[in-house]
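# Descriptive structure summary
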Number of protein chains: 2
Amino acid sequence: MECELRDDVLTAGSEAVEELYDRGFYGRVKDGKLEMSLIEGAHLLSRGKIEIFSDRKALDFKAFFEIASERVKDFELGYIVFKDLRERGYYTKMSPIGFRIYPRGGHPGKTPAHVFVYVISERAHLPLQRMISELNKAENARKRLILAIVDEESDITFYELKKTIMSGGQAEPDVVGAGMPAAASLINDRTIVWEPEIADFLHQNYFFGKKLDELRLQLSLVESGYLLDKQWIRIKHKNAAEFNEYAEGVEPGYTLKYLVYSNLRDRGFVVKTGFKFGTHFRVYKQFKTDTHSEYLVHTIASDHVFALPELSRAVRIANTVHKRMVFGYPDASTGDDAGGVGYVEIGWIRL
Amino acid sequence: MECELRDDVLTAGSEAVEELYDRGFYGRVKDGKLEMSLIEGAHLLSRGKIEIFSDRKALDFKAFFEIASERVKDFELGYIVFKDLRERGYYTKMSPIGFRIYPRGGHPGKTPAHVFVYVISERAHLPLQRMISELNKAENARKRLILAIVDEESDITFYELKKTIMSGGQAEPDVVGAGMPAAASLINDRTIVWEPEIADFLHQNYFFGKKLDELRLQLSLVESGYLLDKQWIRIKHKNAAEFNEYAEGVEPGYTLKYLVYSNLRDRGFVVKTGFKFGTHFRVYKQFKTDTHSEYLVHTIASDHVFALPELSRAVRIANTVHKRMVFGYPDASTGDDAGGVGYVEIGWIRL
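Bear in mind that the values here come from a model prediction, so they are computed numbers and not experimental data.

So, about the sheet that holds strand E11 (residues 144-150) of chain A. All names here are of chain A. Strand order in the open sheet formed by 10 strands is E7-E8-E9-E11-E12-E23-E22-E20-E19-E18, and the pairing between neighbours is mixed. The open sheet has two edge strands, strand E7 (92-95) and strand E18 (270-273), and neither has a second partner. Across this sheet, the average inter-strand angle for adjacent strands is 30°, counted without regard to direction. Inspection of the sheet shows strand E20 (residues 295-299) paired to strand E22 (residues 324-330) by five bridges, in the parallel sense. Across the sheet, the residue bridging to Leu296 is Met325, located in E22. Packed onto the sheet, helix H4 (residues 75-87) meets E7, strand E8 (98-101), strand E9 (115-121), E11 and strand E12 (156-163) and runs at close to 140° relative to E9. Strands in contact with helix H5 (residues 128-140) are E9, E11, E12, E22 and strand E23 (341-349); relative to E12, the strand with the most contacts, it is inclined by about 75°.

Here it is in structure tokens:
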């Protein structure tokens, strides 16, 4: 089957429509002819299904690959992923952001595509806002969104991206108890609640803080800020606003972190540090002594730009400890109910 | 037992020497009296073993804790770790960098301390050079070096630091074969070796690159640079120096990464990307088809400053996949044999 290369399109005659389009779902039909992308062409060329001519000269795979990679941005990445998807049994069509694929056993004309695949090099950077706009497009088209990251050795890692509505099951904090607000001392980057009954109350009912010993409770900065806001504790010479300013000085980024912490607490989650997992928080839907946290949540600014190794680390850790990796960010577009925080879940998947 | 607080020292009379020093190994004896640190004092005070007076006024735990945390830098961190170590059955003495501890069952006068414990907050930053100088001190004193990181909720994570000599078992590359240097095409951030026999030779014997298909081999930038240096491949219009400059443009930090890559290859390791683990490399002592890599290696500059959550992520991942986490850095002080690269291993431990 002969194809002609012009710019970034391959064209073949009407006989190709039957063989490549009808049977293999390559390319698209225009004026009775078949037009294919250079990625599709490379795949067919490598399998000996077509010959490619440019100015009447046949191109071998090497010559075609070199030309194509000059004409099409990220051609080699697209080719690596396209080939992989096809060989796994997914019919794969070109789409503006990469590919759309059809469920195994399905194909164009029989089933709708169910997934958008966004192809990216591990060396590229991925802004959160770009992620969100792709998620919106996928949502409007009722498709899942999968990121295909090609690493430097051309291995592909697939992640599924989802907007997540976070909803926990911890009971709302009770009305203020006796002795509250309780005195707490601010000691550098933590506070200590000295009153034994209140220390117990906060720790046993809501899993705030960690016991310093049998009598006293240590609270982290975000916990202290939250309990100060709720007027369950008081700190000498520091109202909530002053504490916030102090905490931002001790821990740059505190304000952002606190926004997500308090949002998760308000949504009924028990939220503890995720330091051991390299994230800001580990998050429990409800706290009982033998439960494991279900989420790791990391806070990012709304203009955050992901480096892909960073993403890879976070998702890998979450996966190995059977938790879901969620990124929380300030999002003014969410309603009042959502408290101005958006959540995106990123999970490793096998395709 | 009455103790007197003056500045950052607690003093008790000769009767304390017998009860606290001889039996509990607290403090040090000076002129027949016992001198203790405020950390030791807080521990004894919380257990009701001593009373503390300042200007003849007794201090309760809260008052003493607040005063001590003003007088001693990172007092609260030290207290948290000291208490934890003591309660786990380790006799713990003050040392200039934190503590030194004695093996379980041992104590001062009976056994030498075997470990230096370096206490640090998760919010602090830890320069590589500081790590190395502490490692040198520990080495000179024939002790192990353990980092005790106190997170924002006062949980402690222990890491052991070690200088490591990396030594692999892969055979030295053969003499240059027929058809070498083989032509390779540079396509953005990878190269392709087109000659099927050489593609097979490189991949099957030394695990370079990844097969693009049955015939062709893709190489990463560091692999390409290494094979270019060895004159096993050639790239049109690019000698090794030109390639290096190009690669640094595509991947900032390439030169540093290549230094460690080539050092590990020269030391007999098979080195592949660690992208899926969020590190630069996964490293095999020797490559057989069913082996797992033993190390994750991440490259850092010699003036690198660790953020502790970054360290926590890396060590956590290595631990969950049963690999050893190693950081490689340029080190001119190593001899010529070492190729100017130093390695520090950081491993999570249970104390």
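Picking up after the structure, the text goes on.
A word on the packing of aromatic side chains. Residues and elements named next belong to chain A. Tallied over the entire structure, the rule returns 45 aromatic pairs over all chains. Here Phe61 and Tyr79 contribute two aromatic rings whose centre-to-centre distance is 6.0 Å and whose plane-to-plane angle is 55°, an arrangement assigned as tilted. Here Phe61, found in helix H3 (residues 61-71), pairs with Tyr79, found in helix H4; they are 18 residues apart in sequence, far enough to count as distant. Like Tyr79, Phe61 is buried.

The two copies are related by a screw operation: chain A maps onto chain B through 180° of rotation and 0.0 Å of translation along the axis, at an RMSD of 0.0 Å. One copy is carried onto the other by what is essentially a two-fold rotation axis. The rotation axis passes nearest to the C-alpha of Ile317 of chain A in chain A, at a distance of 3.0 Å. Most of the interface of chain A is mirrored in chain B: 100% of its interface residues are interface residues there too.

A separate point is the nonpolar core. By size, the foremost hydrophobic cluster in this structure holds 64 residues, and its most contacted members are Leu147, Leu311 and Ile346 of chain A together with Leu147, Leu311 and Ile346 of chain B. Look past the residues within four positions of Ile346 of chain A in its chain and what remains in contact with it is Met131, Tyr159, Glu160, Leu161, Leu311, Val315, Met325 and Phe327 of chain A. In this structure, Leu20, Leu34, Phe64 and Phe158 of chain B belong to the second largest nonpolar core, which totals 47 residues.

Moving on, we come to the pairing of E9 of chain A. All names here are of chain A. With seven of seven residues buried, E9 is to be regarded as a mostly interior element. Burial along E9 is two-sided: the face carrying Val115, Val117, Val119 and Ser121 and the face carrying Phe116, Tyr118 and Ile120 are both buried. Bridge analysis of E8 against E9 gives four bridges, and the strand direction is antiparallel. Paired with Ile101 across the strands is Val115, a residue of E9. In this structure, E9 lies alongside E11, joined through seven bridges in parallel fashion. Within E11, the position partnered with Val119 by the bridge is Ala148.

Let's shift gears to the packing of helix H7 (residues 221-229) of chain B against helix H9 (residues 254-266) of chain B. All names here are of chain B. For the pair H7 and H9, the least separation of the axes is 10 Å and the interaxial angle reads 60°. Overall, the two elements H7 and H9 adopt an arrangement that is oblique. Where H7 crosses over H9, the two elements pack in a sense that is right-handed. Residues Leu221, Val222, Glu223, Gly225, Tyr226 and Asp229 of H7 form the contact with H9, whose participating residues are Tyr254, Lys257, Tyr258, Tyr261, Ser262, Arg265 and Asp266. Here the contact of H7 with H9 is built from residues that sort into six nonpolar, two polar and five charged.

Spacing of three or four residues puts side chains on the same side of an α-helix, whose turn is 3.6 residues. Residues and elements named next belong to chain B. In terms of burial, helix H2 (residues 38-46) is largely enclosed, as eight of its nine residues are buried. Residues of H2 that are buried: Leu38, Ile39, Glu40, Gly41, Ala42, His43, Leu44 and Leu45. Looking one or two residues past H2, Gly48 carries a phi angle of roughly 70°, positive in sign.

Once that is clear, we can look at a negative patch on the surface. Residues and elements named next belong to chain A. A contiguous patch of negative charge, built from Glu2, Glu15, Glu19 and Glu51, is present on the exposed surface. Topologically, Glu19 is positioned in helix H1 (residues 14-22). The exposure class of Glu19 is partly exposed, given its relative accessible area of 35%.

In this section: the sheet that holds strand E5 (residues 51-54) of chain A. All names here are of chain A. Taken in spatial order, the six strands line up as E3-E4-E2-E1-E5-E6 in an open sheet, and their pairing is mixed. Bordering the open sheet on either side are strand E3 (28-30) and strand E6 (57-59), each of which pairs with just one other strand. Neighbouring strand axes in the sheet, compared pairwise and without regard to direction, differ in orientation by 40° on average. Contacts from H1 reach strand E2 (9-12), E3 and strand E4 (33-36) within the one sheet, and its direction differs from that of E4 by about 55°.

The rules behind these values
- Residues numbered from 1 in each chain as written.
- Chains lettered and ligands numbered in written order.
- Predicted model: local features only at pLDDT ≥ 70, side-chain atom pairs only at ≥ 80, totals over all residues.
- Heavy atoms only, no water.
- Pairing = 2+ DSSP bridges.
- Helix = DSSP H or I, 4+ residues; strand = E, 2+ residues; numbered from the N terminus.
- Axes fitted to C-alpha atoms, helices over the stretch in contact; angles between N-to-C directions.
- Contact = heavy atoms within 4.5 Å.
- Phe/Tyr/Trp six-rings, centres within 6.5 Å; stacked < 30°, edge-to-face > 60°.
- Buried < 20%, exposed > 50% of the residue type's maximum accessible area, 1.4 Å probe, protein only.
- Least-squares fit on C-alpha atoms with pLDDT ≥ 70 in both.
- Core = buried A, V, L, I, M, F, W, Y, C linked by side-chain atoms within 4.5 Å.
- Parallel < 35°, antiparallel > 145°, perpendicular 65-115°, else oblique.
- Left-handed = near helix turned anticlockwise from the far one by under 90°.
- Nonpolar A, V, L, I, M, F, W, Y, C, P; charged D, E, K, R; others polar.
- Patch = residues over 30% accessible without salt bridge, like charges linked within 9 Å, V, L, I, M, F, W, Y side chains within 5 Å.
- Areas by Shrake-Rupley, 256 points an atom, 1.4 Å probe, with all protein chains shown as cover.
- Salt bridge = Lys/Arg side-chain N within 4 Å of Asp/Glu carboxyl O.
- Lys, Arg positive; Asp, Glu negative; His and termini not counted.
- Charge placed at Lys NZ, Arg CZ, Asp CG, Glu CD.

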